[in-house]
Amino acid sequence: IQHTAALKNSLPLCDWLFPMITSVVEERGYAGDITVPAELFTAVTGVEATIEELMKVGERIWNLQRAIMVKEGRTRGGDTLPERFFNYYQGLTGSPPIDRERWESLKDIYYSLRGWDVKTGIPTKTKLKELGLDEVAETIGV
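Rules used throughout
- Residue positions within a chain follow its written sequence, with the count starting from 1.
- Only residues with pLDDT of 70 or above have their local features reported here, since the model is predicted, and side-chain atom pairs are shown and tallied only from 80 upward, although totals for entire chains, interfaces and linings are computed over all residues.
- Side-chain calculation: all heavy atoms of the structure are included, whereas hydrogens and water are not.
- Only the six-membered ring of Trp is used, alongside the rings of Phe and Tyr, when aromatic pairs are assigned; centres must lie within 6.5 Å, and planes under 30 degrees apart are stacked while those over 60 apart are edge-to-face, with the rest tilted.
- By definition here, charges over rings are those cases where NZ of Lys or CZ of Arg is within 6 Å of the ring centre and within 35 degrees of the ring normal.
- A helix here means a DSSP run of H or I that spans at least four residues, while a strand means a run of E at least two residues long, and both kinds are numbered starting from the N terminus.
- Counting of polar contacts relies on pairs of N or O atoms within 3.5 Å, with two restrictions inside protein: one atom must be capable of donating a hydrogen and the other of accepting it, and residues adjacent in sequence are counted only when both atoms are side-chain atoms.
- Two residues qualify as a contact provided that any one of their heavy atoms is within 4.5 Å of a heavy atom in the partner residue.
- Exposure classes here rest on a 1.4 Å probe applied to the protein chains alone. A residue is buried below 20% of its type maximum, exposed above 50%, and partly exposed in between.
- Residues grouped as a nonpolar core are buried Ala, Val, Leu, Ile, Met, Phe, Trp, Tyr and Cys residues, joined through side-chain atoms within 4.5 Å.
- By definition, a salt bridge exists where a carboxyl oxygen of Asp or Glu is found within 4 Å of a side-chain nitrogen of Lys or Arg.

Participant: Is there a simple way to think about the packing of aromatic side chains in this case?
Facilitator: Centre distance and the angle of the planes are the two values used to describe a pair of aromatic rings. Under the defined criterion, the tally for this structure stands at four aromatic pairs. Seen in terms of ring centroids, Tyr110 and Trp116 are 5.7 Å apart; in terms of plane orientation they differ by 90 degrees. Their pairing is edge-to-face. When the ring centre of Phe86 is taken as origin, the NZ or CZ atom of Arg100, which lies over that ring, is 4.1 Å away.

Structure below.
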């Protein structure tokens, strides 16, 4: 979802366009066609691209955004919620407070899946190199 969101925001595919895409997909007789953004990209630019290639672009964007945050001083400690979410029931929903230990363990899983350092939340040199972002790795000192 994060890759899709980053990709969507970098292409002429903002949220208002997605209902139109859905209607095009429904005309074809199926829903949930994730290839439509790639087809639109190819139609507009003339550059052939698969959805897999575009998702990799979305992943690059997400990691670049994280690198910018890291450069500005944000690491694992900044990836949190306001204190009230851990201490009080939440508003009209009556949701119980979030368990802080569980929150931290989910961050471990998220960072691991992202290819980021679990202790710091910083993208690893390996991940950045995989995405062709070698210079970014040098810039943020990994």
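Participant: Would you take a moment to explain the side chain of Arg66 for this structure?
Facilitator: Residue placement: Arg66 occurs in helix 4 (residues 51-71). A polar atom in the side chain of Arg66 sits 2.9 Å from the backbone oxygen of Gly121. When neighbours within four sequence positions are excluded, Arg66 is seen to be in contact with Arg74, Thr75, Arg76, Asp79, Tyr111, Trp116, Thr120, Gly121 and Pro123.

Participant: Would you explain the environment of Glu83 in this entry?
Facilitator: Within the secondary structure, Glu83 is located in the loop between helix 4 and helix 5 (84-87). Owing to a relative accessible area of 44%, Glu83 belongs among the partly exposed residues under this scheme. Residues Glu83 and Pro97 lie 14 residues apart in sequence; the distance between their C-alpha atoms is 9.8 Å.

Participant: Explanation requested: the nonpolar core in the structure shown.
Facilitator: In summary, soluble globular proteins display a tendency toward joint burial of nonpolar side chains. Membership of the largest hydrophobic core is limited to nine residues, which are Ala67, Val70, Ile122, Leu128, Leu131, Leu133, Val136, Ala137 and Ile140. When residues of this core are traced back to their parent elements, those giving at least two are helix 4 and helix 8 (134-140). Examining the composition of this core, we find that three residues originate from one element, helix 8, more than from any other. Every residue in contact with Val136, bar those within four places of it in the chain, is listed here: Leu64, Ala67 and Leu128.

Participant: Would you explain the pattern of salt bridges in this entry?
Facilitator: Close approach of charged atoms allows side chains with opposite charge to pair. The full count for this structure, using the stated rule, is eleven salt bridges. For Lys56, the salt bridge is made with Glu130, and the minimal N-O distance between the two is 3.3 Å. With Lys56 in helix 4 and Glu130 in helix 7 (residues 125-130), the pair connects residues that are 74 residues apart, well separated along the chain. Overall, the relative accessible area of 37% leaves Lys56 in the partly exposed class. Judged by relative accessible area, Glu130 falls into the partly exposed class, the value being 47%. The salt bridge partner of Asp108 is Arg76, with a shortest N-O separation of 2.7 Å. On the criterion of sequence distance, the pair formed by Asp108 in helix 6 (residues 100-114) and Arg76 in the loop between helix 4 and helix 5 is long-range, its members being 32 residues apart.

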